[in-house]
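Residue strings, one per chain:
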Amino acid sequence: MTNWFEGSLTWGIFAMFAIWVIVLLLIVLGFVTYAIYYERKVIGWMQGRYGPNRVGPFGLLQTVADILKLLMKEDTIPAKADRVLFKLAPVIAFVPSFAVLAVIPYTETLVFANLNVGLLYFAALSSISTIGILLGGWASNNKYALLGGMRSGAQMISYEIPLIISVAGVILMSGSLNLGDIVKAQGNGFWQWNFIPQIIGFSVFIVASIAELNRTPFDLPEAESELVAGYHVEYSGFRFAFFMLAEYVYVYAIASLTTVLFLGGWKPLFPFLDFIPGIIWFIIKFLFVVFCLFWLRATLPRMRIDQLMGLGWKVLLPLSLANLFITAVVMEWFR
Amino acid sequence: MRLQASDLFYLMPELSLLMAAVLLTVLDLILPESTSRKRFGWIAAAGVLVSGAFVVWFMFDIRGNSAEYIVLLAQSYRIDQFANSFKLFMLAGTLLVLLMSMGSLKKEGVEHRGEYYYLMLPATIGGMIMASSADLITLFIGLELLSITSYILVGIRKKHLHANEAAFKYVVLGGIATAFILYGMSFLYGLSGSTNLAHINDALQGMDPSWTAIVYISFILILAGLAFKIAAAPFHAWAPDVYQGAATPVAAYLAVVSKAAGIAMLLRIAYNAYYDASSGTQPIDDPMFAMIAVIAAAAMIIGNTAALRQTNVKRLLALSAVANSGYLLVPVSLQLSPAHASNFAEIYFYFVAYLLMNIGAFAVLAAVSHVKGQSGLDSFAGLYYRAPFTAVAMLLFILSLAGIPISAGFVGKFYILTGAVQMQAYWLAAVMILTSVISYYYYFRIVRQMFLKTDSSAEKRITLPIPLAAVIWFCAVSTVVLGIFPQWLLRPLADLFQVFGDLFII
Amino acid sequence: MSSITQFFSSSEHVIFFVLALGAISGAVFMITLSKLVHMILSLAVTFLSLAGLYVLLNAEFVAFAQVLIYAGAVTILMMFGIMLTKHEDAEDKAKRPRHRMLLGVSITLLFAVLFLAIQQLSLPAQDALQADNNTEAIGEQLFTLHVIPFELVSLLLTVAFIGSIIVAKKEAE
């Protein structure tokens, strides 16, 4: 990654960076727009409803309309809020969520930053978003917002630990923190992917990642029925849009990460199917993971805060440690 | 280079303490709340004894094999007589403090007695590592282990206002001192590219003249940080508050074990990293040792004069500990020369004397202040009439602290003084004599209280718990014995210790 | 003047300059701001800038560990500490001008000494470390050469953990 900095800084290089960033941003925005549509459709289907179907053909423009509505809303800041932090918080929450996408390898060649500590980069940056959420809750000067922010902070910190430790088993097996190398260490054919030997780690990862995303059944920070709307209760307009955007970009990021770490990235399901390009495989698996996230939301009720903490510290953490230990022992045994 | 399973044997002194601590932790969890935690002290003491047995074994082993030093992982851990003797000293100090605690913790208001016992053992492990390593990383971790555990031990009396204040001050100031040490170490690492003291010394001998200023800065930073840890002036301001706030056994622990660990680390760094540092051909280490001398003088002067106005015995003993740091730093600051190579023996003898008299004094204080529930000077009033034997023991400790003949303290001070005169550090010797004379004043105020005042309010006699009495009498008898027969300790020390290999790592 | 333009023509230098500025200004604001939450946020800026500097030095592992632990965990922990405890939101301005002036003078002196010492330092040129996989190298060192301090750190953390429980736990009277 250092060769970025070496050479001289010409406008050409700078422009190239900028263009790539904008392309990625557009892809992500497109994803978010249709992820929301997809989510509403899936949930509607599961609940025996139609979901959005009025705006545009099949309701395809529903989210666009929602975004336009958000952007045109009045931008309110509560009188007693801490104005600087109130404005800063959505940015702090969003920027890391976008920055983590840089290290995701879509195919062997299509990766924005081939970082040798990619996984650590992902974990590190995503922990910064929590600061944004916490600050947003605090700066609003509203008790519901503060409670939501605190819950979110506590939850994200608690679940980050099992999340990272569960991934350590994968790191042991592939001997690298580079996400591309982790995919390369998995073979063509689903029986060679990490989720089978790492089944404990995989389960812990899925549960912990849903908690990291603040999604049902772990959506306590924004529990509508008890906290009004959680940390963003005072936000409206495009600041609120930023928080929502950050949330969905993390869905994108975590789904990609699950694909890369456990589901073989761009590798085909069976070896004889490898004529299908890697990017297609990646997208299929990715969409499957996203679907599972929505599916869970439609089927599971919300947990209580004490159950949530107990699950994190008393179940997931010991499980992930046991997974790490077993992986190490087995690898030493069969070396 | 890796640690083999067989090398674990050499870590047994630390491991046996660790095992005792783990055992106590588990027991504390299993046992119901109502069970007394008093026996924990005996388990901890047993761990200390086992650890001490291993240290003694290694001592004889090295001596028998004519100086076969055990060095693990590129000096990260080494066993030599320097390390062994300091370890033995710290273990003895811990043992006495543990015995002292068993008789006094309840009255001191320490509610977490289980935790108290199993925190004291890791603290001692930290101190032992500080004596037993020649690698900056390991030394630093040892220091942190000792410091952080001491912060907790000071603050363990949660409902005690003085203890809260003391713990808070100690954490904040101690953290800053640690930062100083780390900053100084970072320069050493940056210049030499190694954390191994031997490599650092290689890099500093005949270094580029442009390094001089940075090397001085690094030394000053490390010295300032360590001077804080051993409570040497002008970095001593925390000591009176912390000693006063801490439970009496904890104060004794800080005064003796902590100080020994700090001095051991300072000796290691000064004599192994900076000794013979020279820019080009110009030696530059003399000013560094002069800085240690200045700190020694400052500690003696400030400690002894500040104690003059103290009426609280704990604070008084804290300031006396500051002065004693000064005495102990004198031989550190005198470099080695063919005419004078007994620095280590001087330090060690004085340390042993200091251990006996200081722990003895703190034990008497623990016994006395319980009765009155405070530690003002008047808690000693009429002690002779209430507990004549204890008063006599205290008299012995005070004679030793003041440096009156026929006591271990006198021999120790005299020995240090001769060393200073041999190295022609006359000004340091003069400061030492003068401040010792000043110290008579405040030491004898305690004596006057004990023998000349009668206390009308508390006529009842003091009865001592057996462990506490044992500590007092052990210390008192040893102080006298060492005062009369100093050669009983000096001769084995001279036999045991070699400058090359023990003080200087090879 | 031309040397300055030359300095900024390399992207490495520009990035270094920005990060150094961030680290220093974060630290300065940490001291001068009056609201605790603002202080912590500026401290986080310092942490992040330092992480960026580590990346420039080819120490990616240290850099992201820094982000994960300092910018992430430590900052959030401090915010929790502040939000969960009673405190005066903004601290008063110090009332001892003479004390502050003395402090200012001595800090300036300290800075001057350090600056001059570093200024005159000349280090022999060394090959830049080829750290393609320094994560692995760090891991190996931790578990071989530095295994004793590594294990001691685990003891240290346990002790600190027990200690914090003793101090913080609310007990039944």
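All residue numbers refer to position in the chain's written sequence, counted from 1. Following the order in which they are written, the chains are lettered starting with A and the ligands numbered starting with 1. Only residues with pLDDT of 70 or above have their local features reported here, since the model is predicted, and side-chain atom pairs are shown and tallied only from 80 upward, although totals for entire chains, interfaces and linings are computed over all residues.

## As for the overall build of chain C
When you go through chain C residue by residue, the secondary structure sums to 7 helices and 0 strands. Burial in this document is a count-based property: other C-beta atoms within 10 Å of a residue's C-beta are tallied, and the residue is buried at 20 or more, exposed at 12 or fewer, or partly exposed in between, with C-beta positions derived from the backbone. By the burial criterion, 21% of the 173 residues in chain C qualify as buried. By the criteria applied, helices consist of DSSP H or I runs no shorter than four residues and strands consist of E runs no shorter than two, each listed in order from the N terminus.

## Here we look at the overall build of chain A
When helices and strands are tallied, chain A shows 11 helices and 0 strands. From first element to last, N terminus to C terminus, chain A shows the α and β order α-α-α-α-α-α-α-α-α-α-α. On C-alpha atoms alone, chain A measures out to a radius of gyration of 21 Å, which is about the 20 Å that the 2.2 N^0.38 rule sets for 335 residues. Sorting the 335 residues of chain A into buried and exposed places 45% on the buried side. In this setup the radius of gyration rests on C-alpha atoms only. A globule is expected at 2.2 Å times the number of residues raised to 0.38.

## Topic: the nonpolar core
Take the buried Ala, Val, Leu, Ile, Met, Phe, Trp, Tyr and Cys residues, join any whose C-beta atoms are within 7 Å, and the set you get is a nonpolar core. Counting 211 residues, the largest nonpolar core has Ala299, Val322 and Ile359 of chain B as its most contacted members. Per-element accounting of this core gives the leading share, 22 residues, to helix α13 (residues 343-372) of chain B. We call two residues in contact when the distance between their C-beta atoms, placed using the backbone, is within 7 Å. Dropping the residues within four chain positions of it, Ala299 of chain B is found in contact with Ala232, Ala233, His236, Val322, Ala323, Ser325, Gly326 and Leu329 of chain B. Listed in part, the 103 residues of the second largest apolar core include Val32, Ile92 and Ala139 of chain A together with Leu68 of chain C.

## Observations regarding the interface of chain B and chain C
Between chain B and chain C, the residue contacts involve 32 residues of the former and 24 residues of the latter. Within the residue set of the side of chain B that touches chain C, elements represented by two or more residues are α4 (113-131), α5 (136-154) and α8 (212-229) of chain B. Tallying contributions element by element places α5 of chain B first for the side of chain B that touches chain C, with 9 residues. When residues are grouped by polarity, Ala, Val, Leu, Ile, Met, Phe, Trp, Tyr, Cys and Pro land in nonpolar, Asp, Glu, Lys and Arg in charged, and all others, Gly among them, in polar. Residues belonging to the side of chain B that touches chain C are distributed by class as follows: 20 nonpolar, 7 polar and 5 charged.

## With respect to helix α4 (residues 60-84) of chain C
Given 3.6 residues per turn, any residue in an α-helix points the same way as the ones three and four places further on. Its 25 residues place the ends of α4 of chain C 34 Å apart at the C-alpha level, agreeing with the 36 Å of an ideal helix rising 1.5 Å per residue. Think of it this way: the bend at a residue is just the angle between two axes, each fitted to seven residues, one set ending at that residue and the other starting at it. Where α4 of chain C bends most, the angle comes to about 25 degrees, and this point is Gln66 of chain C. Looking at α4 of chain C, one finds that the buried residues are Glu60, Phe61, Ala63, Phe64, Gln66, Val67, Leu68, Ala71, Gly72, Thr75, Ile76 and Met79 of chain C. Buried residues in α4 of chain C make contact with α4 (118-139) and α5 (143-174) of chain A together with α3 (36-56) and α6 (134-143) of chain C. Residue count minus one, scaled by 1.5 Å, sets the expected span of a helix.

## With respect to the interface of chain C and chain A
Facing the 25 residues of chain C at the interface are 25 residues of chain A. Elements supplying a minimum of two residues to the side of chain C that touches chain A: α2 (11-32), α3 and α4 of chain C. The class makeup of the residues in the side of chain C that touches chain A is 15 nonpolar, 8 polar and 2 charged.

## A short note on the sheet that holds strand β4 (residues 278-279) of chain B
Residue and element names in this part refer to chain B. Only strands joined by at least two bridges in the DSSP assignment are considered to pair. In space, the 3 strands of this open sheet follow the order β3-β4-β5, with mixed pairing throughout. Strands with a single pairing partner mark the edges of an open sheet, and in this sheet they are β3 (205-207) and β5 (282-283). Two strands pair when backbone bridges link them, and β4 and β5 are joined in this way by 2 bridges, in the antiparallel orientation. Bridge pairing in β5 links Ser278 to Pro283.

## As for the arrangement of the chains
Ranking the 2 pairs of chains in contact by contact count places chains B and C at the top. Over all C-alpha pairs, chain A and chain B never come within contact, reaching a minimum spacing of 17 Å.

## Remarks on the packing of helix α1 (residues 11-46) of chain A against helix α10 (residues 278-299) of chain A
Residues and elements named next belong to chain A. Inter-axis angles, ranging from 0 to 180 degrees, are taken between N-to-C directions of lines fitted to C-alpha atoms, where helices are fitted over the stretch in contact. The N-to-C vectors of α1 and α10 enclose an angle of 45 degrees; their axes lie 9 Å apart at closest approach. It follows that α1 is oblique to α10 by the angle criterion. Remark: the crossing between α1 and α10 carries right-handed chirality. Residue-level inspection shows Ala35, Glu39, Val42, Ile43 and Met46 of α1 in contact with α10, the latter providing Val290, Phe291, Phe294, Trp295, Arg297 and Ala298. Taken together, the residues of the contact of α1 with α10 break down into 9 nonpolar, no polar and 2 charged. With respect to orientation, any angle under 35 degrees is reported as roughly parallel, any angle over 145 as roughly antiparallel, any angle of 65 to 115 as roughly perpendicular, and every other angle as oblique. Each crossing gets its handedness from the near helix: less than a right angle anticlockwise from the far helix is left-handed, clockwise is right-handed.

## Here's the deal with the packing of α4 of chain B against helix α10 (residues 248-274) of chain B
How two helices sit against one another is set out by the angle between their axes and by the gap between those axes. All names here are of chain B. Close contact between α4 and α10 brings their axes to 7 Å; oriented N to C, the two are set at 25 degrees. In terms of orientation, α4 and α10 fall into the roughly parallel class. The crossing of α4 and α10 is left-handed. In contact with Met120, Thr124, Gly127, Met130 and Ala131 of α4, α10 contributes Tyr253, Val257, Ser258, Ala260, Ala261, Ala264 and Met265. Per-class residue counts for the contact of α4 with α10 are 9 nonpolar, 3 polar and no charged.

## Topic: the environment of Tyr117 of chain B
All names here are of chain B. Take Tyr117: it is sitting in helix α4. Along the chain, Tyr117 and Phe289 lie 172 residues apart, while their C-alpha atoms are 38 Å from each other. Each residue touching Tyr117, except ones within four places of it in the same chain, is listed here: Leu24, Phe40, Gly41 and Ala44.

## A short note on the environment of Ile305 of chain A
Within the secondary structure, Ile305 of chain A sits in helix α11 (residues 305-333). Each C-alpha atom, one on Ile305 of chain A and one on Tyr159 of chain A, is 13 Å from the other, the two residues being 146 residues apart in sequence.

## A short note on the environment of Met90 of chain B
Residue and element names in this part refer to chain B. Positionally, Met90 belongs in helix α3 (residues 81-108). Taking the C-alpha atoms as reference, Met90 lies 9.4 Å from Ile125; in sequence the two are 35 residues apart. Ignoring anything within four residues of it in the chain, the contact list for Met90 reads Thr124, Gly127, Met128, Val257, Ala260 and Ala261.

## A short note on unusual backbone geometry
With an omega of 0 degrees, the peptide bond running from Ala233 of chain B to Pro234 of chain B counts as cis. With respect to the helices, strands and loops of the structure, Pro234 of chain B is situated in the loop between α8 and α9 (238-245). With phi around 70 degrees, Asn58 of chain C is a residue other than glycine that occupies positive phi space. Checked against the element boundaries, Asn58 of chain C lands in the loop between α3 and α4.

## Focus on the confidence of the model for chain C
Residues and elements named next belong to chain C. Confidence in the prediction of chain C, expressed as mean pLDDT, is 84, and 88% of residues score 70 or more. The spread of mean pLDDT over the elements of chain C runs between helix α1 (residues 2-9), the lowest at 72, and helix α7 (residues 147-168), the highest at 91. Interface confidence in the predicted complex, given as ipTM, is 0.88; pTM for the same model is 0.90. Per residue, pLDDT measures the predictor's confidence, with a range of 0 to 100.

## Focus on α8 of chain B
Residue and element names in this part refer to chain B. For α8, built from 18 residues, the straight-helix expectation of 26 Å at 1.5 Å per residue is met to within 8% by its first-to-last C-alpha distance of 26 Å. Taking burial as the measure, the 18 residues of α8 include 13 buried ones, the bulk of the element. Within two residues after α8, Ala231 carries a phi angle of roughly 60 degrees, on the positive side.

## Describing the confidence of the model for chain A
On average, chain A scores 85 in pLDDT, and the residues at 70 or more come to 95%. When the elements of chain A are averaged for pLDDT, helix α8 (residues 224-227) of chain A gives the smallest value, 66, and helix α7 (residues 199-212) of chain A the largest, 91.

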